[in-house]
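Chain residues, written in single-letter form:
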Amino acid sequence: MGKTVIFAVAGSGKTTRIVEELGKGRRCLVFTYTDENSLNLRRKIAQRHGGMPPGARVMTYFAFLHAFCFRPAVGLKMPARGLSFNDPPRMGRFNATQDDYYMDRGGRLFHSRLSKFLMARGLAAEARSRIDQFFDLVCVDEVQDFAGHDFNFLMELAETRADMLLVGDFRQHTYDTSRDGSVNKNLHVGFDAYAKRFRDAGIEVDTSSMAHSRRCSPAVCSFISDQLGIPIGTTSERVAAVRDVTSQDDADVLWRRPDVVKLFYQQHAEYGCASQNWGASKGEDHYDEVCVVLNPNTLKLHARGELSTLAPGTLNKLYVALSRSRGDVHLVPQTLLDRYKRR
């Protein structure tokens, strides 16, 4: 297999591609950024293989960093009380050569500097050696979310002898594993430069094998391509539609349907229903219909046919939300659902 990164579109089977590799009798390490995606991976592995195959291990990225890379190497020499997901101070008293640069006052390691610590102390090679000792294949899901020092560390891991399979969707970049100042600040500005970083690390870039969605209908893919400016094809033949909901009565009917998840730009929990935020719905793939709630600015741009001018982060999150559905997508103005918001 060698080392390959597959850039796919929504619903093309990225996670399934990894799950299929686990059934081939190889010792496989799988890690991904979020807890939600780790659970999704475990669920799909159980469905496909009846449990975790022998020799396979699934971890979140920061569990991998802390438990697999940091603790075996320096855990006794540099005792730490876990990880801190707070930002480190911009103007700290310590520099990168001192242990305290990487830890908060409570003795917890700053998550955004753990990769930097491993690289600065020459421990990336030890991590690669441990990978080669225990695994034949490393799989990384949602690779587009790796940022900051974490992206640099991932590129250093590419020197391992083990095969590597990385999958992701550049346009589903909605979160960063971490940020630390200006490190890789412009990593996701353009795809060509981003893909070159993988090639420079000796990783083959595949942009064609998963270029068509298996989940999204032709109508949804056309809307995403035409209105958001994000090219996406499909192999689905399902008849569906993207519908604008304009009346309070129609919005109320959708609200009362427990089978239709409501996807909000933010603060979904304040509405007390089956819901999620646009970006956080990434990885969810079991909906026959979704209700995408448009905040005032997005609604205004939709009315003008200018959704493609949304800020990149917002555009990517909207793309994620729209592509969750196997069938119909209902576009509902947030104002029609504000009556249900908890006060």
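Rules of the game
- Residue numbers here run from 1 along each chain, matching the order of that chain's written sequence.
- Local features are withheld for residues below a pLDDT of 70 in this predicted model, meaning they are given only at 70 or higher, and side-chain atom pairs are given and counted only at 80 or more; totals for whole chains, interfaces and linings count all residues.
- Side-chain descriptors were evaluated using all non-hydrogen atoms of the structure, hydrogens and water having been removed beforehand.
- Comment: elements are numbered from the N terminus, with helices defined as DSSP H or I runs of at least four residues and strands as E runs of at least two.
- With the radius of gyration taken over C-alpha atoms, the globule rule is written as 2.2 Å times the number of residues to the power 0.38.
- Relative accessibility thresholds used throughout: buried, under 20% of the residue-type maximum; exposed, over 50%; partly exposed, between the two (1.4 Å probe, protein chains only).
- Between two residues, a contact is recorded if the distance between any of their heavy atoms is within 4.5 Å.
- Accessible areas in this description were obtained via Shrake-Rupley with a 1.4 Å probe; residue shielding takes into account the shown protein chains only.
- Note on charges: Lys and Arg go in the positive column, Asp and Glu in the negative column, and His and the chain ends are not counted at all.
- Throughout, a charge is located at the NZ atom of Lys, the CZ atom of Arg, the CG atom of Asp or the CD atom of Glu.
- An arc is given here, and it is the one of the directions from the helix axis to the C-beta atoms.
- Expected helix span is computed as 1.5 Å times (number of residues minus one).
- Only strands joined by at least two bridges in the DSSP assignment are considered to pair.
- Here the axes come from fitting lines to C-alpha atoms, over the contacting stretch only for helices, and the angles between their N-to-C directions go from 0 to 180 degrees.
- Here is the rule for angles: anything less than 35 degrees is roughly parallel, anything more than 145 is roughly antiparallel, 65 through 115 is roughly perpendicular, and the remaining ranges are oblique.
- The classification used treats Ala, Val, Leu, Ile, Met, Phe, Trp, Tyr, Cys and Pro as nonpolar, Asp, Glu, Lys and Arg as charged, and all other residues, Gly among them, as polar.
- Whether two aromatic rings pair depends on their centres lying within 6.5 Å, for rings of Phe, Tyr and Trp, where Trp uses its six-membered ring; planes under 30 degrees apart make the pair stacked, over 60 edge-to-face, and the rest tilted.
- Two conditions define a charge sitting above a ring: the NZ of Lys or the CZ of Arg must be within 6 Å of the ring centre, and it must be within 35 degrees of the ring normal.

Enquirer: I would appreciate a short explanation of the overall build of the protein chain in the present structure.
Expert: When its secondary structure is counted, the protein chain shows eleven helices and 15 strands. For a compact globule of 343 residues, the expected C-alpha radius of gyration is about 20 Å, and the protein chain comes in at 21 Å, within 12% of that figure. Across its three principal directions, the C-alpha atoms of the protein chain cover 65 × 45 × 40 Å. Here the protein chain, with 343 residues, has 53% of them falling under the buried criterion. Within the protein chain, contacts between residues separated by at least 24 positions form 75% of all contacts whose residues are at least 6 apart in sequence. Surface accessibility of the protein chain: about 15,800 Å² in total, with carbon and sulfur atoms responsible for 46%. Considering the protein chain, the positive charge centre built from 47 side chains and the negative charge centre built from 40 side chains are found 4 Å apart.

Enquirer: Hey, could you run me through helix α5 (residues 124-134) in this one?
Expert: Think of an α-helix as 3.6 residues a turn; residues three or four steps apart then line up on the same face. Ala124, Ala127, Arg128, Ile131 and Asp132 are the residues of α5 that are buried. Projected onto a plane normal to the axis of α5, the buried residues spread over an arc of 140° and lie on a single side. Tucked into the core, α5 has its buried residues touching α3 (61-74), α4 (111-120), β6 (137-140) and α6 (148-157).

Enquirer: Help me understand helix α2 (residues 35-49) in this model?
Expert: For α2, with 15 residues, the first-to-last C-alpha span of 21 Å sits near the 21 Å given by 1.5 Å per residue. Here α2 has its buried residues at Asn37, Ser38, Asn40, Leu41, Lys44 and Ile45. Each buried residue of α2 lies within a common arc of 160° when the element is viewed along its axis, so the set occupies one face. In α2, the exposed residues that point more than 90 degrees away from the buried face are Asp35, Glu36, Leu39 and Gln47. Those residues of α2 that are buried are in contact with α1 (14-21), β2 (28-32) and β3 (56-60).

Enquirer: For this particular structure, what's the right way to read the sheet that holds β3?
Expert: Hydrogen bonds between backbone groups are what pair the strands of a sheet, and the pairing can be parallel or antiparallel. Taken in spatial order, the six strands make up an open sheet running β3-β2-β6-β7-β1-β8, and their pairing is parallel. The open sheet has two edge strands, β3 and β8 (204-206), and neither has a second partner. Taking each pair of neighbouring strands and ignoring which way they run, the sheet shows an average axis angle of 15°. For β2 and β6, the ladder comprises four bridges, and the chain directions are parallel. Residue pairing in the sheet places Phe31 in a bridge with Val140 of β6.

Enquirer: Even after reading the chapter, I still don't get the pairing of strand β7 (residues 163-168), so can you show me in this structure?
Expert: The buried count for β7 comes to six of six residues, which makes it a mostly enclosed element. Residues Asp163, Leu165 and Val167 of β7 are buried on one face, and the alternating residues Met164, Leu166 and Gly168, pointing to the opposite face, are buried as well. When strand β1 (residues 3-7) meets β7, the two strands line up parallel, connected through five bridges. Residue Lys3 lies in a different strand from β7, and its bridge partner there is Met164. Note that β6 and β7 share four bridges and pair parallel.

Enquirer: Got a minute to help me understand the packing of α3 against α5 in this structure?
Expert: Between two packed helices, both the angle of their axes relative to each other and the distance between the axes serve to describe the pair. Where α3 meets α5, the closest approach of the two axes is 10 Å, and the angle between their N-to-C directions is 110°. As summarised for this structure, α3 and α5 are arranged roughly perpendicular, according to the angle between their axes. Residue-level inspection shows Phe64, Phe68, Cys69, Pro72 and Ala73 of α3 in contact with α5, the latter providing Glu126, Ala127, Arg130, Ile131 and Phe134. Here the contact of α3 with α5 is built from residues that sort into eight nonpolar, no polar and two charged.

Enquirer: Sorry, what's going on with the pairing of strand β12 (residues 261-264) here?
Expert: As a general feature of sheets, a regular strand has side chains that alternate between the two faces. Going residue by residue along β12, you find Val261 and Leu263 tucked away on one face and Lys262 and Phe264 tucked away on the opposite face as well. With three bridges connecting them, β12 and strand β14 (residues 290-294) associate as parallel partners. Bridge pairing in β14 links Leu263 to Val292. Sheet topology places β12 next to strand β13 (residues 275-277); three bridges connect them, and they run parallel. Note on β13: the bridge partner recorded for Phe264 is Asn277.

Enquirer: Help me out: how do you make sense of the packing of aromatic side chains in this one?
Expert: Working definition: an aromatic ring pair is given by the centre-to-centre distance plus the angle between the planes. Inspection of the entire model under this criterion finds 24 aromatic pairs. Consider the rings of Phe7 and Phe198, whose centres lie 5.6 Å apart with planes at 80°: the pair is edge-to-face. Of this pair, Phe7 sits in strand β1 while Phe198 is found in helix α7 (residues 191-200), placing the two residues 191 residues apart along the sequence. We note that Phe7, like Phe198, is buried. Taken together, the ring pairs connect Phe31, Tyr33, Tyr61, Phe62, Phe64, Phe68, Phe85, Phe135 and Phe146 into an aromatic cluster. The ring of Tyr101 carries the charged tip of Arg113 above its face, separated from the ring centre by 3.9 Å. Above the plane of the ring of Phe68 lies Arg130, whose end atom (NZ or CZ) is 4.4 Å from the centre.

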